[in-house]
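In case you want the letters, here they are:
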Amino acid sequence: DLINRVSPSNTPIADDRMRYAKLNLLAGEKAIQTPDFSSAFEFIESGISFLNDGHWEHDYDLSLALIKNASGVACSLGKSHLTTTRLNEVFDNARCYDDKLDSMSVLIQSLAMDGKTGQALESSLRVLAYLEEQVSIDLDEEAILRELTETHKYVQQILPLSLDTIPAMKDPLKIKAMHFLHLSLWPSHQNISLLVALSCRMVRL
């Protein structure tokens, strides 16, 4: 209720604006979890409107959280132009590549939805290389055999274990890599060799 009654035009004090930006972010994140993307869109875009001038410099974490969430919600709602605008804001202002990863995920999904599977795959493989999961787009029979052999050995090692006794993945880097391996599957569906290699990596990860 409080969020809906306050607007940037009647909130001149910088600290108050940041407070309402954060409240809108929290409300937007809660709506995303529901999921209710329409409400999330309203909350997050409202939160962005409360950001002060120079917010990327003075309120970096809040700016990043709002705008990367905005790109994801816009993508989910099919708002392609706004998705691109918000993604570019993140890419232009992020302080390190790690801060771009969530937005790279949105970019890849957006490209795939637009039928730009080549660009989506290229972006996916670039992120995977950064995450130390280098996968070549051009794989010969020897490379595929090597992937299959290594995966077979790994599966043989874990077969005596029940699946529910295998420890959950906790390494943040591996969790990110698994996410981008999964994102790479759809864009690679016409490249069977690459699809096999990606699937093997997911099993071994």
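Report follows, based on the coordinates. (Residues numbered from 1 in each chain as written. Predicted model: local features only at pLDDT ≥ 70, side-chain atom pairs only at ≥ 80, totals over all residues. Heavy atoms only, no water.)

1. Thoughts on the side chain of glutamate 147
Here is step 1: Within the element layout of this structure, glutamate 147 appears in helix H9 (residues 141-158).
Here is step 2: Relative accessible area serves as the criterion here: at 10%, glutamate 147 is assigned to the buried category.
Here is step 3: Reaching out from glutamate 147, the side chain makes a polar contact with the side chain of arginine 204 at a distance of 3.0 Å.
Here is step 4: When neighbours within four sequence positions are excluded, glutamate 147 is seen to be in contact with Ala197, Cys200, Arg201 and Arg204. (Helix = DSSP H or I, 4+ residues; strand = E, 2+ residues; numbered from the N terminus. Buried < 20%, exposed > 50% of the residue type's maximum accessible area, 1.4 Å probe, protein only. Polar contact = N/O pair within 3.5 Å; in protein donor to acceptor, adjacent residues only side chain to side chain. Contact = heavy atoms within 4.5 Å.)

2. Points about the nonpolar core
Here is step 1: Core analysis: the largest hydrophobic core is formed by 24 residues, its most contacted members being Met104, Leu107, Val127, Leu128, Leu131, Phe180 and Leu198.
Here is step 2: Of all the secondary structure elements, the ones that give two or more residues to this core are helix H6 (80-93), helix H7 (101-113), helix H8 (117-130), helix H10 (172-185) and helix H11 (192-204).
Here is step 3: No other element matches H7, which puts seven residues into this core.
Here is step 4: Apart from the residues lying within four places of it in its own chain, the contact partners of phenylalanine 180 are Leu101, Met104, Ser105, Ile108, Ser124, Val127, Leu128 and Leu131.
Here is step 5: If you look at the next biggest cluster of nonpolar residues, it comprises 22 residues, including Met18, Phe41, Leu62 and Ala94. (Core = buried A, V, L, I, M, F, W, Y, C linked by side-chain atoms within 4.5 Å.)

3. Digging into the layout of surface pockets
Here is step 1: Roughly 350 Å³ of volume is contained in the largest pocket.
Here is step 2: The wall of the largest pocket is formed by 19 residues, among which Gly72, Asp102, Ser105, Val106 and Gln109 lie closest to the centre.
Here is step 3: Elements with a minimum of two residues in the lining of the largest pocket: helix H5 (60-76), H7 and H10.
Here is step 4: Looking at the lining of the largest pocket residue by residue, the classes come out as eight nonpolar, eight polar and three charged. (1 Å grid on protein atoms, 1.4 Å probe; cavity = no way out; pocket = protein on both sides within 12 Å on 5 of 7 lines; lining within 4 Å. Points joined across faces, edges and corners; volume = space filled by probe spheres on them. Nonpolar A, V, L, I, M, F, W, Y, C, P; charged D, E, K, R; others polar.)

4. Regarding the packing of aromatic side chains
Here is step 1: Going through the model one piece at a time under the given rule, you end up with three aromatic pairs.
Here is step 2: For lysine 79, the ring lying beneath its charged end belongs to phenylalanine 41, and the centroid distance is 4.9 Å.
Here is step 3: It is arginine 95 that lies over the ring of tyrosine 60; its NZ or CZ is 4.0 Å from the centre. (Phe/Tyr/Trp six-rings, centres within 6.5 Å; stacked < 30°, edge-to-face > 60°. Lys NZ or Arg CZ within 6 Å of the ring centre and 35° of its normal.)

5. Points about the environment of leucine 111
Here is step 1: Mapped onto the elements, leucine 111 comes out in helix H7.
Here is step 2: Along the sequence, leucine 111 and proline 187 sit 76 residues apart, while their C-alpha atoms lie 9.3 Å from each other.
Here is step 3: Leucine 111 has contacts with Lys116, Thr117, Gln119, Ala120 and Ser123, leaving out every residue within four places of it along the chain.

6. A short note on the pattern of salt bridges
Here is step 1: Inspection of the entire model under this criterion finds nine salt bridges.
Here is step 2: Measuring nitrogen to oxygen at the nearest pair gives 2.5 Å for the salt bridge that ties glutamate 89 to arginine 86. In this pair, glutamate 89 and arginine 86 are both assigned in helix H6, three residues apart and thus about one turn of the helix distant.
Here is step 3: Its relative accessible area of 11% is what places arginine 86 among the buried residues.
Here is step 4: In this structure, the salt-bridge partner of aspartate 102 is lysine 176, at a minimum N-O distance of 2.6 Å. On the criterion of sequence distance, the pair formed by aspartate 102 in helix H7 and lysine 176 in helix H10 is long-range, its members being 74 residues apart.
Here is step 5: Take lysine 176: its relative accessible area is 29%, and that puts it in the partly exposed class. (Salt bridge = Lys/Arg side-chain N within 4 Å of Asp/Glu carboxyl O.)

7. Description of the environment of alanine 14
Here is step 1: Looking at the secondary structure, you find alanine 14 in helix H2 (residues 14-33).
Here is step 2: Assessed through its relative accessible area of 38%, alanine 14 is described here as partly exposed.
Here is step 3: In sequence terms alanine 14 and aspartate 102 are 88 residues apart; their C-alpha atoms lie 28 Å from each other.

Shape descriptors only; they carry no functional weight alone.
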